Amino acid sequence: MKKVDKPLEYSEKDYEFMNSLSSAILQVTPSKTSRVIKIWLITIFVSIIWASFAEIDEITRGDGEVVPYGKNQVIQNLEGGIVEAILVNEGERVEVGQDILKISNAKSVSTALTNQMKYEELEAQRQRLQAEANDLPFEVVKTDSEELNKQLELAKKLYDSNKLEFEAKDGAIMEQINQKKQALTEARARISSLQKSLEFVTEEIAMTEPMVKEGVKSKVDFLKLKREASAIENDIEAAKLSLPRLASMIEEFKGNRSAAK
């Protein structure tokens, strides 16, 4: 067998004659420190091997907000208003149809009452106008709404007032129509009378003209007869011209009466 040389052993005095580096290398390391170093080296080695083969999850930290996809619900009120009470707490689970908050409805109630009153007023007006348009009596039918009953009473008073006013206007128009008809009848009668008078005067002129030539009748009287005949002719022409005017006025009054109905 080959002989293995044992390491040289040095005494403390030998170390004193060596330099500090050689002395530190040759000095024996304490056993406890050696064990700790070995354990530390083994741990590092095992950690390196484990890190080479083990799967390590990557962890990233950050601030964010978790939002469930497709389940967002926007809560809003169509009319808007003042929130009077919140009936749920933040993060609390709610069910479909559950009341979440209470909104003051004072404005909505006021608007609803105003619209209701306007509707009842228009309903009473509709009934009145329908009765007036069809020339029917307006009768108030009591309902469960006091406001509608009040509006119907006001509509009945207005209906009666309008009816009296209409009757007065219609009577005045009828009076004018009758007057014009009377004037038209009188104008026609006047024309007939004037035509007869003209015939008599013309006949008298024809009888007087030979007498004037013979000197029996005065020429002045003859001229008076001719002037009288001319005046009658003018009156007849004026009366004839008034006939179309009077007929037109009668038709105009009749049209006004029909439009007023």
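Overview of the structure. (Residues numbered from 1 in each chain as written. Predicted model: local features only at pLDDT ≥ 70, side-chain atom pairs only at ≥ 80, totals over all residues. Heavy atoms only, no water.)

### Some points on the overall build of the protein chain
Short version of the rule: Only DSSP runs of H or I with at least four residues qualify as helices, and only runs of E with at least two residues qualify as strands; both kinds are numbered from the N terminus onward. Note on classification: 1.4 Å probe, protein chains only; a residue is buried when its accessible area is under 20% of the maximum for its type, exposed when over 50%, partly exposed between these limits. Between two residues, a contact is recorded if the distance between any of their heavy atoms is within 4.5 Å. What sets the accessible areas is the Shrake-Rupley method with a 1.4 Å probe; for residues, cover comes only from the shown protein chains.
Looking only at helices and strands, the protein chain features six helices and two strands. Starting at the N terminus, the α and β elements of the protein chain follow one another as α-α-α-β-β-α-α-α. Per-residue burial for the protein chain yields a buried fraction of 14% across its 261 residues. For the protein chain, the share of sequence-separated contacts (at least 6 apart) that also reach a separation of at least 24 residues comes to 54%. With the model as given, the accessible surface of the protein chain reaches about 22600 Å², and the carbon-plus-sulfur share is 55%.

### Some thoughts on the pattern of salt bridges
Between side chains of opposite charge, a pair can form when the charged atoms approach closely. Under the convention used in this document: What counts as a salt bridge is simple: a side-chain nitrogen of Lys or Arg found within 4 Å of a carboxyl oxygen of Asp or Glu.
According to the stated counting rule, one finds six salt bridges in the structure shown. Note that aspartate 160 and lysine 156 form a salt bridge whose closest N and O atoms lie 2.9 Å from each other. Here aspartate 160 pairs with lysine 156, and both are found in helix α5 (residues 146-214), just four residues apart, close to one helical turn. Note that lysine 169 and glutamate 165 form a salt bridge whose closest N and O atoms lie 3.3 Å from each other.

### Regarding the side chain of asparagine 149
For clarity, the threshold we go by: By the criterion applied in these results, polar contacts are pairs of N or O atoms within 3.5 Å in which, for protein atoms, one can donate a hydrogen and the other can accept it, and in which residues neighboring in sequence qualify only through two side-chain atoms.
With respect to the helices and strands, the residue asparagine 149 is situated in helix α5. Here threonine 143 takes part through its backbone nitrogen, which lies 2.8 Å from a polar atom of the side chain of asparagine 149. Discounting residues that sit within four places of it in the chain, asparagine 149 has contacts with Val141, Lys142 and Thr143.

### As for a negative patch on the surface
Note the threshold: To count toward a patch, a residue needs a relative accessible area over 30% and no salt bridge; like charges are then connected within 9 Å, while nonpolar side chains (Val, Leu, Ile, Met, Phe, Trp, Tyr) are connected within 5 Å. Positive: Lys, Arg. Negative: Asp, Glu. His and the chain ends are not part of the count. By convention, the charge on Lys lies at NZ, on Arg at CZ, on Asp at CG and on Glu at CD.
A cluster of acidic side chains, namely Glu199, Glu203, Glu204 and Glu228, defines a negative patch on the protein surface. In terms of residue count, α5 provides more of the negative patch than any other element does, three residues in total. Tracing the backbone through its elements, the reader meets glutamate 228 in helix α6 (residues 219-260).

### What about unusual backbone geometry?
Phi at aspartate 135 takes a positive value of approximately 55°, unusual for a residue other than glycine. For aspartate 135, the position within the fold is in the loop between α4 (106-133) and α5. The class for aspartate 135 is exposed, based on a relative accessible area of 68%.

### What about the packing of α5 against α6?
Formally: Under this scheme, a helix contributes an axis fitted over its contacting stretch, all axes are lines through C-alpha atoms, and angles between N-to-C directions fall in the 0 to 180 degree range. When describing relative orientation, an angle under 35 degrees is termed roughly parallel and one over 145 degrees roughly antiparallel, while 65 to 115 degrees is termed roughly perpendicular and anything else oblique. Left-handed describes a crossing whose near helix is turned anticlockwise from the far helix by less than a right angle; the clockwise case is right-handed.
Taken N-terminus to C-terminus, the directions of α5 and α6 make an angle of 160°; their axes are 7 Å apart at the nearest point. The orientation of α5 with respect to α6, classified from their angle, is roughly antiparallel. With respect to the hand of their crossing, α5 and α6 are arranged in left-handed fashion.

### Describing the environment of alanine 183
Along the polypeptide, alanine 183 turns up in helix α5. You can call alanine 183 partly exposed: its relative accessible area is 26%. Taking the C-alpha atoms as reference, alanine 183 lies 9.7 Å from alanine 247; in sequence the two are 64 residues apart.

### With respect to α6
Applicable threshold: How far a helix is expected to stretch is found by multiplying one less than its residue total by 1.5 Å.
For α6, spanning 42 residues, the distance from its first C-alpha to its last is 62 Å, which sits close to the expected 62 Å at 1.5 Å a residue. Every buried residue of α6 is accounted for by Phe222, Leu225, Ala229, Ile232, Ile236, Ala239, Ser242, Leu246, Ile250 and Phe253. The opening residue of α6, the one whose side-chain oxygen lies 3.2 Å from the backbone nitrogen of valine 220, is serine 218.

### Some words on α5
To keep things clear, this is the line we draw: Note on bend: the value at a residue is the angle between axes fitted to the seven residues ending there and to the seven starting there.
Taking 1.5 Å per residue, 69 residues should reach 102 Å; α5 reaches 101 Å between its end C-alpha atoms and fits that length. Approximately 25° is the largest bend angle found in α5, and it occurs at threonine 208, with the proline proline 210 only one to four residues beyond. One or two steps after α5, the chain reaches glycine 215, where phi turns positive at roughly 85°.

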